[in-house]
Amino acid sequence: MAMDGKELVEKLAKLSQVQSIKDIPQLTHALFPGTHCPLMGAAMAVGGIKDSLIVVVGTDECTYYTKSMTIHSEKFGGIDGRCVSVVLDDHDVTFGSAEKVQEAFKEIIEEYRPQCVFLVTTCVIEIIGDDFDAISEGLSELYGIPVLPVHTEHFKCEDHLPGLERTITVCAEMMKSCDSDNSVNLLGQRMGDFATTELYAMLQKAGVKIGLQLPCGCSVDDIKNAAAAKVNIVVNDIALPLAQKMQEKFGIPYVYFNKFVIPEKIYEAYKNLFGYLELELPEELEGLYQNAREEIEKTKGELEGITYIYGNTPYAVFEMNCFLSSLGMVPQVIQTNRYTEADEPYAKEILQYTDPYVCKAANIAPLQYVYDVLSPYLYLGHEFGNRLRQKGIAIVHSDRASGMLGFEVTGYLLQQLVKSVREAKEYRKELGL
């Protein structure tokens, strides 16, 4: 039975009504494809940390899911690799899992001899209330290696990102005080190769050493020596708690350098970074800034008045939609699973241009009925391209932006937008819209 698109739209909130994430509704209660579990996020993070082991404690469904996810990954080493499980049965759920975990751990240490273990709990552990913080501490003392608890209960999380955040945050427990080597740590990059980014190129030209890269590729020793850095660069919100802990514990400042698209935000992040490093700002940055501004002016006319629905992209949600609104584009629906104090200034600026609907992400099935009501030109994020085309909508691809940092992000986004707007106009012409 088809859904009523008008009824769905009427259930959505307006951005002007939002004060916290609680004010942002789901499009429907049943989600498709739905959100990823934070257990997935934890596995993704551990995959980037060599010499470490992930031990998943939970039901056979959770442990099978994690093993099947990692079994083909070179980072984990296949079926005999760095992902192991402690599978609970009815007895463990009823009487507690501590004894089984302690027995399994002896075998795990003898076979794998890891330098560090991430002990990951799942929903059932959090429901029955086993104290895995205490269990992890006892195992650390017994075996003389860091055993770090990571809680991944899905019933308290909107998606997989808390699993990534908690895994890298707990790494602070391994860090030790050491002399500064004037390096920078890169915290929070989830995908792509930092060495291919504009930011990396600027640091290389300035002779800056790159220290820890977490979670995109490091060793346990890199984590232990991370306090040698002069500055932490936070490129995703998942790394903010870790950066704040390191600032409190070691006095290391951090620069928030997310995947910004507003040229002024990018330039500000560069200035803050080189200020902390006590180095001259690279001369070419002024040229890159001016190029970005010129590109904006060149494309503004073609983008003005273009309506769109925002889905899941690598960009910072509200900063990016604020940028697009300033270009004259019109967001009709913004999908997000987060709304923080840092988003409020961007939301206020968006409201100076328009008042879009907002809803939770990861629910593309019912959106096809919303398309019929709102008839946007573009969809930004992941969707079925052919289905969109049949409705006169072009998809804006953005995955390549995952491996970018700096003014290159702005240029790439503008190119993709112009390309997709032209496609959308062709689709709409074909359909007589």
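Just above sits the structure.
Here the structure is a predicted model, which is why all the values come from computation and not from measurement.

Rules and cut-offs
- Residues numbered from 1 in each chain as written.
- Predicted model: local features only at pLDDT ≥ 70, side-chain atom pairs only at ≥ 80, totals over all residues.
- Heavy atoms only, no water.
- Helix = DSSP H or I, 4+ residues; strand = E, 2+ residues; numbered from the N terminus.
- Contact = heavy atoms within 4.5 Å.
- Core = buried A, V, L, I, M, F, W, Y, C linked by side-chain atoms within 4.5 Å.
- Buried < 20%, exposed > 50% of the residue type's maximum accessible area, 1.4 Å probe, protein only.
- Patch = residues over 30% accessible without salt bridge, like charges linked within 9 Å, V, L, I, M, F, W, Y side chains within 5 Å.
- Areas by Shrake-Rupley, 256 points an atom, 1.4 Å probe, with all protein chains shown as cover.
- Salt bridge = Lys/Arg side-chain N within 4 Å of Asp/Glu carboxyl O.
- Lys, Arg positive; Asp, Glu negative; His and termini not counted.
- Charge placed at Lys NZ, Arg CZ, Asp CG, Glu CD.
- Axes fitted to C-alpha atoms, helices over the stretch in contact; angles between N-to-C directions.
- Parallel < 35°, antiparallel > 145°, perpendicular 65-115°, else oblique.
- Left-handed = near helix turned anticlockwise from the far one by under 90°.
- Nonpolar A, V, L, I, M, F, W, Y, C, P; charged D, E, K, R; others polar.
- Phe/Tyr/Trp six-rings, centres within 6.5 Å; stacked < 30°, edge-to-face > 60°.
- Lys NZ or Arg CZ within 6 Å of the ring centre and 35° of its normal.

Considerations on the environment of Cys178
Positionally, Cys178 belongs in the loop between helix H8 (161–169) and strand E7 (183–187). A sequence separation of 34 residues divides Cys178 from Leu212, and the C-alpha atoms of the two residues are 14 Å apart. When near neighbours in sequence (up to four residues on either side) are disregarded, Cys178 contacts Asn225, Ala227 and Ala228.

Looking at the nonpolar core
Counting 66 residues, the largest nonpolar core has Leu203, Leu273, Leu324 and Leu378 as the members making the most contacts within it. Top element by residues in this core is helix H18 (residues 407–431). It accounts for ten residues. If we skip the residues at most four places from it in the chain, Leu378 touches Ile306, Thr307, Tyr308, Ile309, Met329, Ile393, Ala394, Val396, Leu417, Ser420, Val421 and Ala424.

Quick word on unusual backbone geometry
Cis geometry is found at the peptide bond from Leu214 to Pro215, where omega equals 10°. Inspection of the secondary structure assignment puts Pro215 in the loop between strand E8 (210–214) and strand E9 (218–219). Of note in the backbone geometry, Asn182 takes a positive phi value of approximately 65° without being a glycine. Here Asn182 is to be found in the loop between H8 and E7. Despite not being glycine, Ser375 shows a phi value in the positive range, around 50°. Summarising the element assignment, Ser375 is placed in the loop between helix H16 (367–374) and strand E15 (378–380). Judged by its relative accessible area of 26%, Ser375 is partly exposed.

Focus: a negative patch on the surface
On the surface, a cluster of negative charge is contributed by Asp80, Glu99, Glu103, Glu107, Glu110 and Glu111. Note on Glu107: relative accessible area 58%, which makes it exposed.

Quick notes on the packing of helix H14 (residues 317–326) against helix H15 (residues 344–351)
The geometry of H14 relative to H15 is characterised by a closest axis approach of 9 Å and an angle of 25° between their N-to-C directions. Here H15 runs roughly parallel to H14, going by the angle between their axes. In this structure, the crossing between H14 and H15 has a hand that is left-handed. Mapping the contact onto sequence places Phe318, Glu319, Asn321, Cys322 and Ser325 in H14 and Tyr346, Glu349 and Ile350 in H15. Residue classes in the contact of H14 with H15 are distributed as four nonpolar, two polar and two charged.

Focus: the packing of aromatic side chains
Applying the stated criterion across every chain yields a total of ten aromatic pairs. Look at Phe105 and Tyr143: their rings are 5.9 Å apart centre to centre, the planes differ by 40°, and that puts the pair in the tilted class. Taken together, the residues Phe105 in helix H5 (residues 98–112) and Tyr143 in helix H7 (residues 132–143) connect sequence positions 38 residues apart. Joined through ring pairs, the aromatic side chains of Phe257, Tyr267, Tyr270, Tyr289 and Phe407 make up one cluster. A cation over an aromatic ring shows up here: Lys265 above the ring of Phe260, its NZ or CZ 5.3 Å from the ring centre. The ring of Tyr267 carries the charged tip of Lys271 above its face, separated from the ring centre by 4.3 Å.

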